[in-house]
Amino acid sequence: MGAGEEDAAAAWEKVEAKEERIMVSVRVRPLNGRESGDSSDWECISPTTVMFRSIVPDRAMFPTAYTYDRVFGPNCSTRQVYEEGAKEVALSVVSGINSSIFAYGQTSSGKTYTMTGITEYSVMDIYGYIEKHPEREFMLKFSAIEIYNEAVRDLLSHDTTPLRLLDDPEKGTTVEKLTEETLRDKDHLRDLLGMCEAQREIGETALNEASSRSHQILRLTIKSSVKQYLGRGKSSTLVSCVNFVDLAGSERASQTASAGMRLKEGSHINRSLLTLGKVVRQLSKGRNGHIPYRDSKLTRILQSSLGGNARTAIVCTMSPAHTHIEQSRNTLLFATCAKEVVTNAQVNVVMSDKALLKHLQRELARLENELKLPESASCTSHAEALREKDAQIKKLEKQLRELIEEKDTVQSQLNCLLKSDADDHANDRAAKRWVLSLSYTQTYFLHYCHV
Ligand SMILES: Nc1ncnc2c1ncn2[C@@H]1O[C@H](COP(=O)(O)OP(=O)(O)OP(=O)(O)O)[C@@H](O)[C@H]1O
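These figures come from a predicted structure and were not determined experimentally.

## A short note on the overall build of the protein
For the protein, the count of helices and strands is 12 helices and 19 strands. Counting over 451 residues, the protein shows a buried share of 45%. In the protein, of all internal contacts separated by at least 6 residues, the share reaching a separation of at least 24 is 72%. As displayed, the protein has an accessible area near 24,000 Å², and 54% of this comes from carbon and sulfur atoms.

## Some thoughts on the site of the ligand
As a matter of local geometry, the ligand sits amid 15 residues, with Thr107, Lys111, Tyr113, Ser211 and Ser212 nearest to it. Within the side chain of threonine 112, one N or O atom sits 2.8 Å away from an oxygen atom of the ligand. Expressed as a share of its isolated accessible area of 630 Å², the protein-covered part of the ligand is 77%. Elements supplying a minimum of two residues to the shell around the ligand: helix H4 (111–132) and strand S14 (211–212). Among the residues forming the shell around the ligand, the class breakdown is two nonpolar, 10 polar and three charged.

## Some thoughts on the UniProt feature "binding site: ATP" (unreviewed entry) in the protein
Here the UniProt-annotated "binding site: ATP" (unreviewed entry) positions come out as Gly105, Gln106, Thr107, Ser108, Ser109, Gly110, Lys111 and Thr112. Looking at the secondary structure, you find glutamine 106 in the loop between strand S7 (99–105) and H4. On the basis of relative accessibility, which here comes to 3%, the residue glutamine 106 falls in the buried class. Along the polypeptide, threonine 107 turns up in the loop between S7 and H4.

## Some details on the packing of H4 against helix H5 (residues 186–199)
Here H4 crosses H5 at 160 degrees, and the two axes come no closer than 11 Å. One finds that H4 runs roughly antiparallel with respect to H5. Between H4 and H5 lies a crossing of right-handed hand. From H4, Thr119, Val123, Met124, Tyr127 and Glu131 reach across to H5, where they touch Lys186, Leu189, Arg190 and Leu193. Classifying every residue of the contact of H4 with H5 gives five nonpolar, one polar and three charged.

## Considerations on the environment of alanine 321
Here alanine 321 lies in the loop between strand S17 (311–318) and helix H9 (325–338). Using a relative accessible area of 0% as the deciding quantity, one classes alanine 321 as buried. With 287 residues separating them along the chain, alanine 321 and arginine 34 place their C-alpha atoms 9.9 Å apart. For alanine 321, the residues in contact, after removing those within four places along its chain, are Leu31, Glu35, Asp38, Ser39 and Asp41.

Here is what the cut-offs are and how they apply
- Residues numbered from 1 in each chain as written.
- Predicted model: local features only at pLDDT ≥ 70, side-chain atom pairs only at ≥ 80, totals over all residues.
- Heavy atoms only, no water.
- Helix = DSSP H or I, 4+ residues; strand = E, 2+ residues; numbered from the N terminus.
- Buried < 20%, exposed > 50% of the residue type's maximum accessible area, 1.4 Å probe, protein only.
- Contact = heavy atoms within 4.5 Å.
- Areas by Shrake-Rupley, 256 points an atom, 1.4 Å probe, with all protein chains shown as cover.
- Near = heavy atom within 4 Å.
- Polar contact = N/O pair within 3.5 Å; in protein donor to acceptor, adjacent residues only side chain to side chain.
- Nonpolar A, V, L, I, M, F, W, Y, C, P; charged D, E, K, R; others polar.
- UniProt positions renumbered as here; feature names shortened; annotations may be inferred.
- Axes fitted to C-alpha atoms, helices over the stretch in contact; angles between N-to-C directions.
- Parallel < 35°, antiparallel > 145°, perpendicular 65-115°, else oblique.
- Left-handed = near helix turned anticlockwise from the far one by under 90°.

Below, the structure is given as structure tokens:
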């Protein structure tokens, strides 16, 4: 077997879904100019725990310590947040595993600041990986949308017409007529990222002079195959995508001093974040019961990233300022629920016919081997099922034998009757009864022959 085929086989064997929890981290940014007179409520007391330590007395019955996969204090760089809170998940995409990185948090807490850095570092590492693997042929595609006031917009097009969502039985929710650019190189991707930044809906609020008023989802799709086997019908292709999701920030109209358009945006933002919160809360309790994915475009589009075929990392951003205590606690509550959500990522392989045939042959051989070893643990249940079937067959055979005997008896009685006086009505009636009985017997006979 050649390297390409082994590669395909290895990938296929890993296709089994791997359950894992969403990776959740919290980043506390420094106090900003607007908050300079405010006190800082939160302290990162360890690499995984953030603690409420306010100088302002607080009698609320909330937990004081919150633990996540990682917490990052005001002095941590975005590079560190990426390395320890997102890199591993983001780079799964080069191995054929879908991944999503989210930034969640209150308005002005640092989502765009964090996500922009994470996207840049991921892109650098993905291209670095490609350079180190000249034996594989890579094809990268990029698409970008924003969800603004519940309307989906293509960020790679100047046409602002809202796009429709479609339900695809295989791919899940897709966006109709979305531009997907095939990337030439890193610089091409940088240009497109710049275009998205320029196109995105930004507005000034009292909390953030450049507040993102929409949810932004950037998607990088990577296809790769072993070059040596391309076009020979033996190759398998890994296809997966990584989503970089910069959510709009939750906000209180009183704090953002919103009115008119900003207020309308804010209510759409809060409503879709509320649905996201509900979905995450429901998922944190398990996947039983109704999950309200369809209640917002955001959750419809992100369905597979939340509890589906994807590895997911969420960076929750927060301000340490006392004025934002309520929003910060909401963010931590969201993060606590997100920690419980289990996803089921798998390697996504598209196989050529030949590679698929090889795989099926191997699978057949494996099953045959299992059958040959009835004592092995994995075969115990098969052996039991076989024993039950055996007993059932024996019972049916016995019934069949009895029916054959009955049929023979009826047949011989009928023959006797037919030989006697044909004009005898009584005999005639009896004969009819026997014929009827014979036909029932035959019906049973045929039925058991088919069992
Ligand atoms: N960790 C940080 N260190 C230094 N400055 C930061 C940090 N995080 C955010 N900032 C600054 O805070 C301001 C608000 O950040 P950003 O726009 O990223 O917030 P946001 O959560 O995306 O807000 P919105 O939801 O309103 O779009 C920006 O000026 C940004 O440069």
